[in-house]
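Understanding the architecture of this molecule
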Amino acid sequence: MGQASALLAKRKRNESENMKDYMHTGIICGTQVSSRARYVVYGRVRGLVAECRSFSAARRALIRDQRGCQAQGGYSDGIIYEWGVGGWTREIV
């Protein structure tokens, strides 16, 4: 019994690791966006700004983008999106 449960746990771990390699493709603002990352920072005008594995990394990328745009006298239109069951969904920041 112990060996069977160990094999099952190993199989589940391998399946979850393989899920990370899948390409996520969905529509953001009428544009098809594909990424292997769980989070993307995307803007209507600028397009894909960053691909991130965690929400905190996406937030840092958004802040970095905002500062860069502000330094040039503009503004960032970037928004954080998360990959979920229904595709890309907008995150409230």
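In this text, all values refer to a predicted model and were calculated from it rather than measured experimentally. Residue numbers restart at each chain and count upward from 1, following the sequence in its written direction. Under the rules for a predicted model, residues below a pLDDT of 70 receive no local features and side-chain atom pairs below 80 are neither given nor counted, while totals for whole chains, interfaces and linings still include all residues. With hydrogens and water set aside, each side-chain value is computed from the structure's full complement of heavy atoms.

1. What about the overall build of the protein chain?
Secondary structure follows DSSP: runs of H or I at least 4 residues long count as helices, runs of E at least 2 residues long count as strands, and numbering of each begins at the N terminus. For the protein chain, the helix and strand inventory stands at 2 helices and 6 strands. Secondary structure of the protein chain in N-to-C order comes out as α-β-β-β-β-α-β-β. Only protein chains enter the calculation, and the probe is 1.4 Å; a residue is then buried if its accessible area is under 20% of its type maximum, exposed if over 50%, and partly exposed in between. In the protein chain, buried positions account for 30% of the 93 residues.

2. Points about the sheet that holds strand β3 (residues 39-43)
Judged by pairing direction, the sheet is antiparallel, and its 4 strands sit side by side in the order β4-β3-β5-β6 without closing on themselves. Two strands close off the open sheet at either side, each with one partner strand: β4 (47-52) and β6 (87-90). Pairs of neighbouring strands in the sheet enclose a mean axial angle of 35 degrees, with direction left out of account. Two strands are said to pair when DSSP picks up at least two bridges between them. Pairing of β3 with β4 involves 5 bridges; the strand directions are antiparallel. If you follow Val-41 over to β4, its bridge partner there is Ala-50. Every residue pair with non-hydrogen atoms within 4.5 Å of one another is taken to be in contact. For helices, the fitted axis covers only the stretch in contact; all axes are lines through C-alpha atoms, and the angles between them, taken along N-to-C directions, range from 0 to 180 degrees. Most of the contacts of helix α2 (residues 55-71) go to strand β5 (residues 78-84), to which it runs at about 160 degrees, and overall it touches β3, β4 and β5.

3. Describing the confidence of the model for the protein chain
Detailed conclusions should not be drawn from predicted coordinates in areas where pLDDT is low. Here the protein chain shows a mean pLDDT of 84. Residues at 70 or above account for 77%. The predictor's confidence in any single residue is recorded as pLDDT, a number from 0 to 100. Per-element mean pLDDT across the protein chain ranges from 56 in helix α1 (residues 2-19) up to 96 in α2.

4. Regarding the environment of Gln-32
Along the polypeptide, Gln-32 turns up in strand β2 (residues 31-35). Taking relative accessible area as the criterion, Gln-32 reaches 56% and is therefore assigned exposed.

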